[in-house]
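Commentary on secondary and tertiary structure
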Amino acid sequence: MIVEMKDIVKRYKEVVALDYLNLEVKEGEIYGLLGPNGCGKTTAINCMLSLISFDNGGVKLFGEKMSRTNNRLKEKIGLVMQDIGVYDELTVRENIDYFCGLYIKDKKTRKAYVEEAIEFVGMKKFEKYKPKKLSGGLRRRLNLACGIAHKPELIILDEPTVAVDPQSRYHILENIKELARNGKTVVYTTHYMEEVEEICDRLTIMDKGKTLVMGTVDEITEMSLKGEIVEAKIYDISDALIKEIGNTEGVDSCEYDAVNSILKVGFNKGASRLIELLRILNENNISFVDLTVKKPSLNDVFLEITGKELRDNV
Amino acid sequence: MFKHLFSYISKIHVKSKDGFLFSLLLPFALGLVFLFAFEGLVIDESKSFDPVKVAISIQGNALEQKEVMNFLNEVGIEGKLENDEIVQVNTDTDGKEKYILYYFGEESTVQKLLKEGKIDSKVDIDNRDNQMDISLYIHPLKASDINSQVVYQVFNSFNSSYHTTKDATVRLTVQAFQGRDLNFVEPLVNRVRALGSEDVYINEYKERINPEVHYFFVSLAYICLYFMSVGIQIIRKNEGYSSATSKRLMISPVGMGKRVFTSFISLSIPALALMYLLLFFYWKSDIGLSRDYGSVILLISLGTLVSIFLGMAVASLFKMTDDRADGISMAIPIVGALTGGLMGVASLQLKIWIGEKIPFFNIINPVALVTDGLYQLSLYPTYNQFYQTISYLTVYLIILVVLTAVGIRRVKE
Ligand SMILES: Nc1ncnc2c1ncn2[C@@H]1O[C@H](COP(=O)(O)OP(=O)(O)OP(=O)(O)O)[C@@H](O)[C@H]1O
Ligand SMILES: [Mg+2]
C-alpha cells in the first residue's frame, strides 16, 4: 500500500470536513477522489501530507507513518495543488528549478530533470516567460511541472484541470496517464466524473467528508440500482405502444422525446431485455436508427445515493 | 541546499513588489526624508544655552550651603525669586559658560516651583547625619531633555569633587519622574559607593545638541522597527497555510527551520545593508548623530534585528491572514514610534507617561530602546546607560529568537 488513511476526522469548529475517511491506494494505480465542491477532497490531501493536523486517525505513506518532519517520505512525494503555487517573480524554468532543487541536490541531475519536466508539459517555448504572462491552462501545466519535476513516486493532483480549455485538459490527462505508465502512483481529485472514468483505475466517491462508495468504475456503476439505458431515434410511435413498452417486464421507464424523436428505455438492474424490446418494435413495424446502449454513469450512482447531481453543483 | 535556497529567496525578494518597494525602497526613502528634515538641526555653536533652572533646599548647616554655592558658581549662576519666576541675580556672567541657574529656598517653595514647572529640577541636600544626601528630582517634561543630563552631571561632579576634599560619606540619589531615567540611579549609587575617582567633567557637554534632535533619533529608530514587516514576510513565505507557494515549500523535504533561517539571512542582509547606507549618509551630513561609529552600528544592527525578529515571533506564534499581516506590519511600527516620542510634544509626553506608569512597555518597544541608545551615545558622558540599553536589546533579541523557534514548530491548522 502506498497510501493508507485510516478513520481520519478533521473538524473546523462546527464544520466536519472529514468524517472517518478511509483511503487505500496501491502501487502504480491512478486513484480517483471524486466528489462535489466542498466535500473535503483538498482537506483529505492536506491531512494525507501532514499539511494540517487532524482530530482522529492516522496516515501511512509507503508503509511509514507520515509526519510534518518526515523528510525522507516527503522526498518521494509530489503535490500538484488546486491553487497554482508558483512565484510570479521567477520565470517558468526558474520556478521548476527552484522547487526541483528542494529535492535534487546534484546540479547536473537537476538540470536534466528540469529540462525533462519542461518537455513533459510542452512548455519549452515558454520557459523564459513569467507566470503572469501565461494563459490559465499553461499556468496549470507549469503548476504540474513544478510538482513532478523531481520524479516523485507518489504524485497527488488536486483538481489539476479546473478552468482549463479542452486542449490543455487533454494534455494534462495524457501527462498523468504517462506518469502512471512509468510506474508512478497517482492520487487524482476532481469533480469531473468523465475524467475519472477516463483515467482512474479505482476511485472513492466522497460527499460531506464521508466515503460514499469505492471501487473500480465498473464496480461502482454496477452498484447502481438502475440497469442499462437504451436510446433510439424513432420518427413515429404511438402513445399506446410507449405505454406497452413501459409495462413490459424488466423495463423501469419508457419516455419519448417528441422534439428530438428519441425513445429512451431504462431497464431494471440486471434485466436487460434488449432482444425483447427489438421484438416489440419489429412486430409493430417501427423503424429506428442510432440505437445506443448506455450503462449508468458515476453521476447516476451519486444521484441515487445522495439525491443530488455530482456535476458542477457549485 | 543553502546556496540554492539563498539565491532563489533573494531573487524573489528583490524582484517582488513587497520586497523591493515596501521593505527596501520605502524605508530608505523615509530615511532620506528624515535626513533632509533634520539637516537644519545641526549643532548651532553661536546659539547660547539657556541655563537650567534648579531650586535647591538644604537641611543642615550653612557651611554646606557655602560649599555647594562655591561649586555651583563654577558652572552656574545664582538666581532669585521674582513674581514666582527664577531670574538671574546678576546679569554679568564674567564670560564663563553657565549651565545652571540655581536658587536656594525652603523645601515647600521649591516643591511648589517644581510642581508648577517653573524649574527643571529640584535638589534636596541633607547633611544632618554627617553625611551628604543629595536627591535630584527632575521635572517630568524635562526628564528626557538635555537639561536633566546637565543637572545630573553638575551634581555628579560636585559629588566627586566634594568627596576628594572631604572625608564624609556622600550619597546622591536621582529621582526622575520618568521611569527610564531612573536608569542612572544605579550606576550613580554604585559610583558613590565605590567613592570612585573617575571624575566626570561637565565640559564633555560642550558640544551642544538641539533638543529637537530627539525627533531625529526616534525617526532613525522608527526605520529600524519598520523592518518588522520583513520578519513577518520571512515566516509567512514559509508557513504552509499562508499561500500556495509556501504550501509547496512545506511539503518539500527541506525543514521549516532551515527555510526560515535561509530566508532570514537573505532578507535581513539587505535590511541591514540599507541601514548602514543610511548611517553613512547621516554621518556625511552634519546631523548630531554620535561619531562613535562602532557603537552606533552595534545599536542600529541590534535594533534592526530585534525588529525583524519581533515580526518573526508575531507571525510564527499567531496565524493570520494577509490583510492582518499587512495591518500589523504597518501598525506596530507606528504605535512604537508614537509611544516612542516621534509625533511631537504630545507623543513625547506619552512616552514619559508610559515610562512612569508602564516602564516595561518602553523596554519592549524597540523604538524607545534605540532612541534611548542613540541619545545616550550622543549625550551621556559614560557608556553605562548605553551598555544597559544594548543589554536590554540583546536579551530582547534572545527572547524573540526563542519565541520564533517555538512558533515555527507549532501546526497552525
Ligand atoms: N481553513 C478552513 N477553515 C474552516 N473551514 C474549512 C477550512 N478549509 C476547508 N474548510 C471546510 O471544509 C470543507 C471541505 O473543504 P475542501 O476544501 O476540502 O473541499 P474540496 O472538496 O477540496 O472542495 P473543492 O472542490 O471546492 O476544492 C468545506 O466545507 C470547507 O468549507
Ligand atoms: Mg479542493
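Residues numbered from 1 in each chain as written. Chains lettered and ligands numbered in written order. Predicted model: local features only at pLDDT ≥ 70, side-chain atom pairs only at ≥ 80, totals over all residues. Heavy atoms only, no water.

**Concerning the overall build of chain B**
From N to C terminus, chain B includes 16 helices and seven strands. Evaluated residue by residue, chain B yields a buried proportion of 55% over its 413 residues. A fraction of 74% describes how many contacts in chain B between residues 6 or more apart in sequence connect residues 24 or more apart. (Helix = DSSP H or I, 4+ residues; strand = E, 2+ residues; numbered from the N terminus. Buried < 20%, exposed > 50% of the residue type's maximum accessible area, 1.4 Å probe, protein only. Contact = heavy atoms within 4.5 Å.)

**Quick word on the coordination of the magnesium ion (ligand 2)**
All names here are of chain A. Surrounding the magnesium ion (ligand 2) are the protein donor atoms T42 (OG1) and Q82 (OE1), which sit 1.8 to 2.1 Å from the metal. Of this pair, T42 sits in helix α1 (residues 41-48) while Q82 sits in the loop between β6 (77-80) and α3 (92-101), and the two are 40 residues apart along the sequence. In this structure Q82 comes out as partly exposed when scored by relative accessible area, which is 26%. (Donors = N, O, S within 2.8 Å, 3.2 Å for Na, K, Ca; no water.)

**Brief notes about a nonpolar patch on the surface**
Residues and elements named next belong to chain B. A contiguous nonpolar patch, built from V14, F20, L21 and L25 and spanning about 340 Å² of accessible area, is present on the exposed surface. With three residues, helix α2 (residues 17-38) is the largest single contributor of residues to the nonpolar patch. Position of L25 relative to the elements: it lies in helix α2. A residue is classified by how much of its surface remains accessible, and L25, at 40% relative accessible area, is partly exposed. (Patch = residues over 30% accessible without salt bridge, like charges linked within 9 Å, V, L, I, M, F, W, Y side chains within 5 Å. Areas by Shrake-Rupley, 256 points an atom, 1.4 Å probe, with all protein chains shown as cover. Salt bridge = Lys/Arg side-chain N within 4 Å of Asp/Glu carboxyl O.)

**Overview of the site of ligand 1**
Ligand 1 sits among 13 residues. The nearest are G38(A), T42(A), T43(A), Q82(A) and E159(A). Ligand 1 sits at the junction of chains A and B, each of which supplies nearby residues. In the model, an oxygen atom of ligand 1 is placed 2.9 Å from a nitrogen or oxygen of the N37(A) side chain. Expressed as a share of its isolated accessible area of 630 Å², the protein-covered part of ligand 1 is 64%. Mapped by element, the contributors of at least two residues to the shell around ligand 1 are β2 (15-25) and α1 of chain A. (Near = heavy atom within 4 Å. Polar contact = N/O pair within 3.5 Å; in protein donor to acceptor, adjacent residues only side chain to side chain.)

**What to know about the nonpolar core**
Core analysis: the largest hydrophobic core is formed by 154 residues, its most contacted members being L61(A), I96(A), Y98(A) and L289(B). Each residue touching L289(B), except ones within four places of it in the same chain, is listed here: F216(B), F217(B), L220(B), L279(B), Y282(B), W283(B), V296(B), L374(B) and S378(B). Membership of the second largest hydrophobic core comes to 21 residues, among which are V68(B), F71(B), L136(B) and F158(B). (Core = buried A, V, L, I, M, F, W, Y, C linked by side-chain atoms within 4.5 Å.)

**Some details on the packing of helix α8 (residues 228-236) of chain B against helix α11 (residues 293-317) of chain B**
Residues and elements named next belong to chain B. At a minimum axis distance of 6 Å, the contact between α8 and α11 shows a crossing angle of 40°. Taken as axis vectors, α8 and α11 run oblique relative to one another. Between α8 and α11 the crossing geometry is right-handed. Between α8 and α11, the contacting residues are M228, G231, I232, I234 and I235 on the first element and S307, I308, L310, G311, M312, V314, A315 and S316 on the second. By residue class, the composition of the contact of α8 with α11 is nine nonpolar, four polar and no charged. (Axes fitted to C-alpha atoms, helices over the stretch in contact; angles between N-to-C directions. Parallel < 35°, antiparallel > 145°, perpendicular 65-115°, else oblique. Left-handed = near helix turned anticlockwise from the far one by under 90°. Nonpolar A, V, L, I, M, F, W, Y, C, P; charged D, E, K, R; others polar.)

**Here's the deal with the interface of chain B and chain A**
Listed as interface residues are 26 residues of chain B and, on the opposing side, 35 residues of chain A. Summed over both partners, the interface of chain B with chain A buries about 2,900 Å², with 63% contributed by carbon and sulfur atoms. Three residues, R248(B), I251(B) and P253(B), lead the burial of chain B against chain A; their summed loss comes to 27% of the area buried on that side. Put simply, chain B and chain A have one salt bridge between them. A salt bridge links K11(B) to E94(A); the shortest N-O distance between them is 2.5 Å. One can count 11 residue pairs in polar contact (both at pLDDT 80 or more) joining chain B with chain A. (Buried area = accessible area lost by both parts, 1.4 Å probe.)

**Quick word on the domain arrangement of chain A**
Taken domain by domain, chain A comprises domain 1 (3-221) and domain 2 (226-295). Of note, the centres of domain 1 of chain A and domain 2 of chain A, computed from C-alpha atoms alone, are 43 Å apart. (Domains from an automatic or database assignment.)

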